[in-house]
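Read off the chains here:
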Amino acid sequence: MGDAEDNAVDVEVLVIGAGVTGLYQLYRAREDGFSTVLLEAGDGVGGTWYWNRYPEARFDSESYTYAYVFSKELFNEWEWSELFAGQPEIERYFQRFVEMFDLAPLIRFGTKVTSVEWCAEDSTWTVSAADGRRWRARFVVAATGMLSAPYFPDVVGRDDFTGASHHTGLWPAEGVDVTGKRVAVIGTGSSGVQVIPPIAAEAAELVVYQRTPNWCTPLNNQALSAERQQELRDDFEHIRQTLNTSATGFMVPPPERLSSEDSPEERQAFYETMWNSPGFAKLLSNYKDLLSDATINREWCDFIAAKVRAIVADPATADRLIPTDHRYGEKRPPFVTGYYEVFNEPNVSLVSLEETPITAITATGIETTDGHREFDVIVWATGFDYGTGQLRRLGVRGVDGVRLEDHWADGPLTHLGVQSSGFPNFFFPGGPHGASANVPRYNTDQADYIADLLVAMREQGLDVVEVPSDLEASFTAMIDQLSRHVPFTKISYFFGSNIPGKPVKNLLNPGGRPMLFTFIDDLRNEGYASLKLSSSKDAES
Ligand code: N01
């Protein structure tokens, strides 16, 4: 690589982001013998589990299905205390991973990347941080996360509020004291419905500002006993095999029955079993035709609605908590613990923003068309600029200075959800056209693909990989084509529709893991011939 007269540090593989994907990519790069460094804006590891440290932030994938499974030693050593672990335990897990594999010397914390610029002369990327440090990297892997650019609605007066104001995705490390305070939570997605019960338990008054409700069902968390821990260890090879190969990346058994195989009474009993099952089982182990048969989906929704009405004492509040704009599975369903129950507490009330929209945030509170209320704390549980949010803000400038955000002006264009044309040697596992599966499983599939590709190139004496534009076009067209048949509808943030002005395009790969595996296998078998591989020495000569 070129001279370091500009004080840039030379490195072969530069990873951005110390979340589940970036840490694994760093590990692979080091194991594969590349010089490598990881730049992280925060002061600790965990990515989404570093930033989302609000009370009761926790997994809704079973803990051991989210964890790394490449290392039996780590799997055996780590004891998850709960089926769905909470944020502090998850953060500790990633710290232990870094410690066990001695990755800390390779991580630069407090390093906010501000630009990533391609230099055609020597086929390297110059990566700059906010404090002026620079690196010159052969390969850049931007593992910046899909839920990492917090979204604040553009509400009049948002900055005028003089009390404490926090987004769930940027929760302060020192916590937020809500004891005896008047608190507003805006937003009732997965984050909102997790943070509402613990706040309700501490606050003098909690007002939940809900735009539209979700189909929430119980998480059904439980402690993992010593016996269960041992069973998991004994079952490691099976767990690893299933998590590495299954379509969903979960251990949850797939659906067994069509709804038509059961009588109406049997279906109600089955729904009760589903209601009492852990996490995503309600989606993944439900009737085979749950998402394809509108009548059955309605029946399951009616079952949930009846549960809500049985839990929530005030019928008008219960009605407001029951969705009317989407069926089950058309948006990513949240899983809850004691959520509906809090609306029976005297200090908790619900405001429907469909009935009385917010008109302004003031210095002292929130004004809706129904009047003004004063608060000490406002919690913004208003979600994220999914998939492309962080990548579009990274200052990526490819061949001829083309900006990634311009290349994606009408929606992301990708190959395998890991590369874009005109951005050689730039990868974004966990970015757009990514996981419709258990996220760490899908993202580490992509990280392995990238790592294997770099090794294969090195073996051939090559070090530059570009995606031909026709390959990117055909992959993106296939995503758009398959998107006509997905359960998630355009009101889901998976289509970007929660962000004003964002192109409404599917940000997931509807073909999921099976399709990803097929593409990767084909590329591997053909020696990556569909990609444009070359040597940086050719560019220099
Ligand atoms: O974000 P969301 P999230 N005025 O976009 C509302 C993962 N996650 O942070 O539905 C008022 O789902 C918006 O209303 P509406 C998980 O993948 C996992 O909660 O658009 N309200 C909605 O209620 C999840 O899906 C866990 O009508 C406004 C909320 O804000 C993803 O993160 C836990 C508004 C945003 O909900 C995102 O969840 C937490 C406005 N202008 C999160 N704009 C686990 O358990 C938006 N809203 C692992």
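Note that the coordinates shown come from a computational prediction; the quantities given were computed from them, not determined experimentally.

Visitor: Summarise the overall build of the protein; cite the residues concerned and give the values.
Guide: Each helix and strand counted, the protein has 17 helices and 20 strands in total. Rg of the C-alpha trace for the protein: 24 Å, near the compact-globule value of 24 Å for 541 residues, within the 12% margin. Dimensions of the protein, computed from C-alpha atoms along their principal axes, come out at roughly 75 × 60 × 45 Å. In the protein, buried positions account for 57% of the 541 residues. For the protein, restricting intrachain contacts to residue pairs at least 6 apart in sequence, the fraction spanning at least 24 positions comes to 70%. For the protein, the accessible surface area stands at approximately 21600 Å², while carbon and sulfur atoms represent 50% of it.

Visitor: Could you give me a rundown of the site of the ligand, with the residues and numbers involved?
Guide: Residues in contact with the ligand amount to 25 residues; listed here are only the nearest, Thr 188, Ser 191, Arg 211, Thr 212 and Tyr 493. Ser 190 is positioned with one of its backbone polar atoms (N or O) 3.0 Å from an oxygen atom of the ligand. In this structure, an oxygen atom belonging to the ligand sits 3.3 Å away from a main-chain N or O atom of Ala 381. At 3 residues, helix α6 (residues 190–202) tops the list of elements feeding residues into the shell around the ligand.

Visitor: Could you give an account of the packing of aromatic side chains, with specific residues and numbers?
Guide: A complete count under the given rule lists 47 aromatic pairs for this structure. Judged by centre distance (6.1 Å) and plane angle (85°), the rings of Trp 49 and Tyr 66 are edge-to-face. Highlighted residues: Trp 49 in helix α2 (residues 48–51) and Tyr 66 in helix α3 (residues 63–66), separated in sequence by 17 residues. Judged by centre distance (5.3 Å) and plane angle (55°), the ring pair of Phe 97 and Phe 101 falls under tilted. Judged on exposure class, the residue Phe 97 and its partner Phe 101 are both buried. Here the basic side chain of Arg 53 rests over the ring of Tyr 50, its NZ or CZ set 5.0 Å away from the ring centre. The ring of Phe 34 carries Arg 458 above its face, with NZ or CZ at 4.3 Å from the centroid.

Visitor: Let's hear about the pattern of salt bridges: which residues, and what values?
Guide: Scanning the model with the defined rule gives 36 salt bridges in all. The residue Glu 99 makes a salt bridge to Arg 96 at a minimum N-O spacing of 2.6 Å. Remark: Arg 96 and Glu 99 occur in helix α5 (residues 87–100); sequence separation between them is 3 residues, near one turn of the helix. A relative accessible area of 21% places Arg 96 in the partly exposed class.

Visitor: Please provide a residue-by-residue account of the sheet that holds strand β7 (residues 164–167), values included.
Guide: Read across the sheet, 5 strands follow the order β7-β16-β8-β9-β12 without closing on themselves; strand pairing throughout is parallel. What marks the edges here is a single partner per strand, and that holds for β7 and β12 (348–352). Within this sheet the neighbouring strands show an average axis-to-axis angle of 15°, counted without direction.

Visitor: Lay out the sheet that holds strand β14 (residues 365–368) with the relevant residues and their values.
Guide: Taken together, the 3 strands give an open sheet; going across it, the order is β13-β14-β15, and neighbouring strands pair in antiparallel fashion. In this open sheet, the two edge strands, each paired with only one partner strand, are β13 (358–361) and β15 (371–374). Within this sheet the neighbouring strands show an average axis-to-axis angle of 20°, counted without direction. Sheet topology places β13 next to β14; 3 bridges connect them, and they run antiparallel. Looking across to β14, one finds that Ile 361 is bridged to Ile 366.

Visitor: A description of helix α9 (residues 264–275) should follow, citing residues and the corresponding values.
Guide: An ideal rise of 1.5 Å per residue puts 16 Å on 12 residues; α9 measures up with 16 Å between its terminal C-alpha atoms. Considering only its buried residues, α9 is in contact with β10 (217–218), α10 (281–284) and α11 (294–311).

Visitor: Account for unusual backbone geometry, with residues named and values stated.
Guide: Residue Asn 220 is not a glycine yet carries a positive backbone phi of 55°. Looking at the element boundaries, Asn 220 is found in the loop between β10 and α7 (226–234). Phi angles above zero are rare outside glycine, and Asn 425 is one such case at about 60°. Summarising the element assignment, Asn 425 is placed in the loop between α13 (404–407) and β18 (426–427). According to the relative accessible area criterion, Asn 425 is buried, its value standing at 0%.

Visitor: Break down the environment of Asn 509 for me, with residues and values.
Guide: Tracing the chain through its elements places Asn 509 in the loop between α15 (469–482) and α16 (512–525). Take Asn 509: its relative accessible area is 0%, and that puts it in the buried class. In this structure, Asn 509 is in contact with His 433, Gly 434, Ser 436, Tyr 442, Ile 479, Met 515 and Leu 516, ignoring residues within four places of it in sequence.

Visitor: Describe the side chain of Thr 36, naming the residues involved and giving the relevant values.
Guide: Mapping Thr 36 onto the fold places it in strand β2 (residues 36–39). With a relative accessible area of 10%, Thr 36 lands in the buried category. From its side chain, Thr 36 meets the backbone oxygen of Val 13 in a polar contact 2.8 Å long.

Visitor: Account for α6, with residues named and values stated.
Guide: At Ile 196, α6 shows its largest bend, some 30°, and a proline, Pro 197, comes one to four positions later. Where α6 is concerned, the buried positions are Ser 191, Gly 192, Val 193, Gln 194, Val 195, Ile 196, Pro 197, Ile 199 and Ala 200. As for α6, its buried residues are in contact with β8 (182–186), β9 (205–210), β11 (335–336), β12 and β16 (377–380).

What counts and how
- Residues numbered from 1 in each chain as written.
- Predicted model: local features only at pLDDT ≥ 70, side-chain atom pairs only at ≥ 80, totals over all residues.
- Heavy atoms only, no water.
- Helix = DSSP H or I, 4+ residues; strand = E, 2+ residues; numbered from the N terminus.
- Rg over C-alpha atoms; globule rule 2.2 N^0.38 Å.
- Buried < 20%, exposed > 50% of the residue type's maximum accessible area, 1.4 Å probe, protein only.
- Contact = heavy atoms within 4.5 Å.
- Areas by Shrake-Rupley, 256 points an atom, 1.4 Å probe, with all protein chains shown as cover.
- Near = heavy atom within 4 Å.
- Polar contact = N/O pair within 3.5 Å; in protein donor to acceptor, adjacent residues only side chain to side chain.
- Phe/Tyr/Trp six-rings, centres within 6.5 Å; stacked < 30°, edge-to-face > 60°.
- Lys NZ or Arg CZ within 6 Å of the ring centre and 35° of its normal.
- Salt bridge = Lys/Arg side-chain N within 4 Å of Asp/Glu carboxyl O.
- Pairing = 2+ DSSP bridges.
- Axes fitted to C-alpha atoms, helices over the stretch in contact; angles between N-to-C directions.
- Expected span 1.5 Å × (residues − 1).
- Bend = angle between axes of the 7 residues up to and from the residue.

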